[in-house]
Amino acid sequence: MNEVEYLLFAGFQTIGIGNSGILNEIVFWHRESQTLVLTDTAFHVDASFPWQTQLVFRIIGGDRQLEPTLLEKLASRDKERVKQSIQKVLCWDFDRVIMAHGSIIERDGKRQLQAGYEKFLSTKNLQI
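Keep in mind it's a predicted model, so treat the numbers as computed, not measured. Chains are numbered independently. Their residues run from 1 in the order of the written sequence. In keeping with the predicted nature of the model, local features appear solely for residues at pLDDT of at least 70, side-chain atom pairs appear and are counted solely at 80 or more, and the whole-chain, interface and lining totals rest on all residues. The basis for every side-chain value is the complete set of heavy atoms in the structure, and neither hydrogens nor water enter the calculation.

Undergrad: Any details on the overall build of the chain? Residues and values, ideally.
TA: Looking only at helices and strands, the chain features four helices and six strands. Reading the secondary structure of the chain in the N-to-C direction produces β-β-β-β-β-α-α-α-β-α. Each residue's exposure class comes from its accessible area (1.4 Å probe, protein chains only) as a fraction of the maximum for that residue type: buried when under 20%, exposed when over 50%, partly exposed otherwise. Sorting the 128 residues of the chain into buried and exposed places 41% on the buried side. Contacts were defined at the residue level, with two residues in contact if any of their heavy atoms lie within 4.5 Å. A separation threshold of at least 6 residues defines the contact pool for the chain, and within that pool the share at least 24 residues apart is 57%. Residue-level accessible areas treat just the shown protein chains as cover; the underlying method is Shrake-Rupley with a 1.4 Å probe. Taken as a whole, the chain presents about 7500 Å² of accessible surface, with 54% of it coming from carbon and sulfur. The secondary structure listing takes helices from DSSP runs of H or I that are at least 4 residues long and strands from runs of E that are at least 2 residues long, numbered from the N terminus.

Following this line, the structure appears as structure tokens:
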């Protein structure tokens, strides 16, 4: 049974730590619950976080918006591959988004993620 699909989110590269400069991000989609699970591809910090955390995310992105941060922008070495990856993710049927760092988005997650990546990639109307 294929209850969970996943995608290696391509296009990010970090400043080399050891021999590895690739930032391996995996995105998971649980079909039945229409839930997307993210690692570091996007963040969403809300008012429930300490004020210091909110301040940091206000500066780097992800404060009250589901979006990649300045760190992902710096790690984006191949924006075309990032665009291809997010377009594949947006083809999945999801509403809820759970991320490793941030607050759960219970509704309208797909639209919010699309808007965050359109802003991040400086593009309009990501094709889905």
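Let us keep going from here.
Undergrad: Run through the pattern of salt bridges, naming residues and quoting values.
TA: A pair is scored as a salt bridge if a Lys or Arg side-chain nitrogen falls within 4 Å of a carboxyl oxygen belonging to Asp or Glu. Here the structure, examined in full by the defined rule, presents six salt bridges. When the shortest N-O distance is used, the salt bridge between aspartate 63 and arginine 58 registers 3.3 Å. Judged by its relative accessible area of 12%, aspartate 63 falls in the buried class. A salt bridge links glutamate 67 to lysine 119, with the nearest nitrogen and oxygen atoms 3.1 Å apart.

Undergrad: Explain the sheet that holds strand S5 (residues 35-38) to me, using residue names and the numbers behind them.
TA: Ordered by their spatial adjacency, four strands build an open sheet running S1-S4-S5-S6, and the pairing between neighbours is mixed. Pairing within the sheet leaves two strands with one partner each, and these edge strands are strand S1 (4-9) and strand S6 (96-99). If you compare each strand with its neighbour and ignore which way they point, the axes differ by 20° on average. Between any two strands, pairing holds if DSSP finds at least two bridges. Bridge analysis of S1 against strand S4 (residues 25-30) gives six bridges, and the strand direction is antiparallel. Counterpart to glutamate 5 in the pairing with S4 is tryptophan 29. Every axis corresponds to a line fitted to the C-alpha atoms, with the helix fit spanning only the stretch in contact, and the corresponding angles, defined between N-to-C directions, vary from 0 to 180 degrees.

Undergrad: So what's going on with the nonpolar core? Residues and values would help.
TA: Take the buried Ala, Val, Leu, Ile, Met, Phe, Trp, Tyr and Cys residues and link them wherever side-chain atoms come within 4.5 Å; each set so joined is a nonpolar core. Counting residues in each nonpolar core, the largest one holds 24 residues, and the members touching the most others are Leu36, Ile86, Val89, Phe94, Leu113 and Tyr117. Counting only elements with at least two residues in this core, the list comes to S1, S4, S5, helix H3 (79-90), S6 and helix H4 (109-121). Residue contacts for leucine 113: discarding those within four places in its chain leaves Leu36, Leu38, Ala42, Leu66, Ile86, Val89 and Phe94.

Undergrad: Report on helix H1 (residues 51-60), specifying residues and quantitative values.
TA: Within H1, burial applies to Gln54, Phe57 and Ile60. With its buried residues spanning 140° around the axis, H1 presents them on a single face. Structural note: H1 exposes Trp51, Arg58 and Ile59 on the side pointing more than 90 degrees away from its buried face. Glycine 61 sits one or two positions beyond H1 and adopts a positive phi of about 105°. Of all possible arcs, the one meant is that of the directions from the helix axis to the C-beta atoms.

Undergrad: Explain H4 to me, using residue names and the numbers behind them.
TA: To estimate how far a helix should extend, the number of its residues minus one is multiplied by 1.5 Å. The end-to-end C-alpha separation of H4 is 18 Å, in line with the 18 Å expected for 13 residues at 1.5 Å each. Looking only at H4, the buried set comprises Gly109, Gln112, Leu113, Gln114, Gly116, Tyr117, Glu118, Phe120 and Leu121. With its phi angle positive at about 55°, serine 122 sits one or two positions after the end of H4.

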